[in-house]
Amino acid sequence: MLVYVHIPFCKSKCAYCDFNSVAGCDEATVFSYLTALNREIGFAAKRFPEARIETVYIGGGTPSSLKPERICALIDKLASSFSGFSPSEITVEVNPESTTEDALRSYRAAGVNRISMGVQSLDDDNLRSVGRLHDARTALDKLELAGHVFNNVSADLIIGLPYDTEESVRREVKTLAPLVKHLSVYELTLEEGTPLSERVERGTVWLPSDDETADFLNAAVDVCEENGLHRYEVSNFARDGFFSRHNHGYWTREEYIGLGAGAHSLVKTADGRRPAAAEIRFASPKDINAYIAGINCVQSFDDVPRTEMSVLTEKEIVSEYVMLGLRTTEGIPQELIADKDVERVKDFLTYKDGRVALNRRGFEVMNSVLSEII
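Described in the following lines is the structure provided in the data block. (Residues numbered from 1 in each chain as written. Predicted model: local features only at pLDDT ≥ 70, side-chain atom pairs only at ≥ 80, totals over all residues. Heavy atoms only, no water.)

It is worth spelling out the packing of aromatic side chains at this point. Aromatic rings considered in pairs are described by the distance between their centres and by the relative angle of their planes. Within the structure shown, the criterion is met by eight aromatic pairs. Relative to Y57, the ring of Y4 lies with its centre 6.2 Å away and its plane at 25°, an arrangement referred to as stacked. Here Y4, found in strand β1 (residues 2-7), pairs with Y57, found in strand β4 (residues 52-60); they are 53 residues apart in sequence, far enough to count as distant. A residue is classified by how much of its surface remains accessible, and Y57, at 8% relative accessible area, is buried. Ring plane angle 65° and centroid distance 4.7 Å describe the contact between Y250 and Y256, whose orientation is recorded as edge-to-face. Overall, the relative accessible area of 23% leaves Y250 in the partly exposed class. An aromatic cluster is defined as three or more aromatic residues linked by ring pairs; in this entry it consists of F9, Y33 and Y291. Here the guanidinium or amino end of R245 rests over the ring plane of F243, the centre of that ring lying 4.9 Å away. (Phe/Tyr/Trp six-rings, centres within 6.5 Å; stacked < 30°, edge-to-face > 60°. Helix = DSSP H or I, 4+ residues; strand = E, 2+ residues; numbered from the N terminus. Buried < 20%, exposed > 50% of the residue type's maximum accessible area, 1.4 Å probe, protein only. Lys NZ or Arg CZ within 6 Å of the ring centre and 35° of its normal.)

As structure tokens, then:
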């Protein structure tokens, strides 16, 4: 079983961000949230007494915006609550401006063995335009610092930002490659209602076209491969042995529980080991106060208020295996699409050892291919 823990707090909200996060919360709210989160961890451990916890991912928000002892306390709570707590990977997300050597060493002492840093860009104009709190030099310095403490450091990069060019993206990837074991390269998604979206609509900021951003991604893929970072998912690249085990579990539909406001879960077992009668997806309320109130008024995991709850049909399960599995370079068993007419998309697929996967051209038009197959 995988465990995701959501920390929704940030020092400020980035202009492109549509994630479940809030800026500038008071200490009382943070304390109440963490108290509720600890309570939910206890509920989950009782609900899944046979679960073997294989990975933990603490994300946000910005977990590093909290005092490190609070993150370490959450890990201690997980370890003391789940009898089968034996993760091969514990990741904490951090931002450059809130990363310190003391914090990194505290995380490591608590069992963390992977750091994921939100770099997003190495262009100071881009960073200012989207409201990031760090500059490029700080990001590089903090990545180097993280590499002194951890053997497994990942960085996030967003392409399609206002000042991006193909050459600048190449330089960014080439600069980041020696500092990381893993790199996530995401195409900017312009979410409705975000400040960046509103500025684009007003014409006060210009973004590269979809075709240009696709070219940027192709350039990033090339530079990653040239520098030993191999693509294993449409947006993720890693050195041998350093793929994200947690995220890979999402794409292969392993069972996971999400703890915290807005966190999602896929429950497949009755107790963490025995298969349940049905597979269920659900999420917790996004609103922090609603989440806290919901946790505090119940006595068990099953009674926690949920949103987006659905019992999955067999057809939905197969569709998820196809949709998620084809995001990865290892693909899916060929029999999962044996009854599909793939003639129109055959040039975007590759077959090997009983599996089918998207080729490089297929990744470029992945959404169109998936809609055709599913």
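This part covers the nonpolar core. Of all hydrophobic cores here, the largest spans 78 residues; its most connected members are Y107 and L259. Per-element accounting of this core gives the leading share, nine residues, to helix α1 (residues 27-47). Leaving out residues up to four positions away in the same chain, Y107 has contacts with P63, S64, P68, I71, C72, V92, V94, V112, I115 and F150. Judged by nonpolar contacts, the second largest core, of 16 residues, contains L326, V345, M366 and V369. (Core = buried A, V, L, I, M, F, W, Y, C linked by side-chain atoms within 4.5 Å. Contact = heavy atoms within 4.5 Å.)

Among the secondary structure elements, H134 is positioned in the loop between α4 (124-129) and α5 (136-149). In this view, H134 contacts P96, E97, G118, V119, L127 and A139; residues no more than four positions away in its chain are not counted.

With that out of the way, let us pick up the side chain of S154. For S154, the location among the structural elements is in strand β7 (residues 153-159). Only 2.8 Å separates the side chain of S154 from the side chain of H182, close enough to count as a polar contact. Those residues within four positions of S154 in sequence are excluded, and the remaining contacts are R114, I115, S116, M117, L143, V180, H182, L183 and S184. (Polar contact = N/O pair within 3.5 Å; in protein donor to acceptor, adjacent residues only side chain to side chain.)

Where α1 contacts helix α2 (residues 68-81), the axes come no closer than 9 Å and their chain directions differ by 15°. With respect to their mutual orientation, α1 and α2 come out roughly parallel. Of the two elements, α1 crosses α2, and the hand of that crossing is right-handed. Taking contact as the criterion, the partners of E27, V30, L34, L37, N38, I41, G42 and A45 in α1 are, on α2, R70, L74, K77, L78 and S81. Taken together, the residues of the contact of α1 with α2 sort by class into seven nonpolar, three polar and three charged. (Axes fitted to C-alpha atoms, helices over the stretch in contact; angles between N-to-C directions. Parallel < 35°, antiparallel > 145°, perpendicular 65-115°, else oblique. Left-handed = near helix turned anticlockwise from the far one by under 90°. Nonpolar A, V, L, I, M, F, W, Y, C, P; charged D, E, K, R; others polar.)

Moving on, we come to a negative patch on the surface. Together, E187, D210, D211, E212, D215 and E364 line one region of the surface with negative charge. If you tally residues by element for the negative patch, the top one is helix α8 (residues 210-226), at four residues. By secondary structure assignment, the location of E212 is in helix α8. What makes E212 partly exposed here is its relative accessible area of 32%. (Patch = residues over 30% accessible without salt bridge, like charges linked within 9 Å, V, L, I, M, F, W, Y side chains within 5 Å. Areas by Shrake-Rupley, 256 points an atom, 1.4 Å probe, with all protein chains shown as cover. Salt bridge = Lys/Arg side-chain N within 4 Å of Asp/Glu carboxyl O. Lys, Arg positive; Asp, Glu negative; His and termini not counted. Charge placed at Lys NZ, Arg CZ, Asp CG, Glu CD.)

In this model, G60 is joined to G61 through a cis peptide bond whose omega is 20°. Inspection of the secondary structure puts G61 in the loop between β4 and α2. One non-glycine residue with positive phi stands out, namely E308, at about 55°. You can see E308 is positioned in strand β14 (residues 307-311). Overall, the relative accessible area of 52% leaves E308 in the exposed class. One non-glycine residue, D353, lies in positive phi territory at about 50°. Looking at the element boundaries, D353 is found in the loop between β16 (349-352) and β17 (355-358). Using a relative accessible area of 71% as the deciding quantity, one classes D353 as exposed.

This part takes up the sheet that holds β16. Pairing is antiparallel in the open sheet, where three strands are placed in the order β15-β17-β16. Every interior strand has two partners, whereas the edge strands, β15 (332-333) and β16, have only one. (Pairing = 2+ DSSP bridges.)

Summed over the entire model, instances satisfying the criterion amount to 17 salt bridges. A salt bridge links E372 to R344; the shortest N-O distance between them is 3.6 Å. In this pair, E372 sits in helix α13 (residues 366-373) while R344 sits in the loop between β15 and β16, placing the two residues 28 residues apart along the sequence. Given a relative accessible area of 68%, R344 falls into the exposed group. Salt bridges linked by common partners bring R253, E279, R281 and E320 together as one network.

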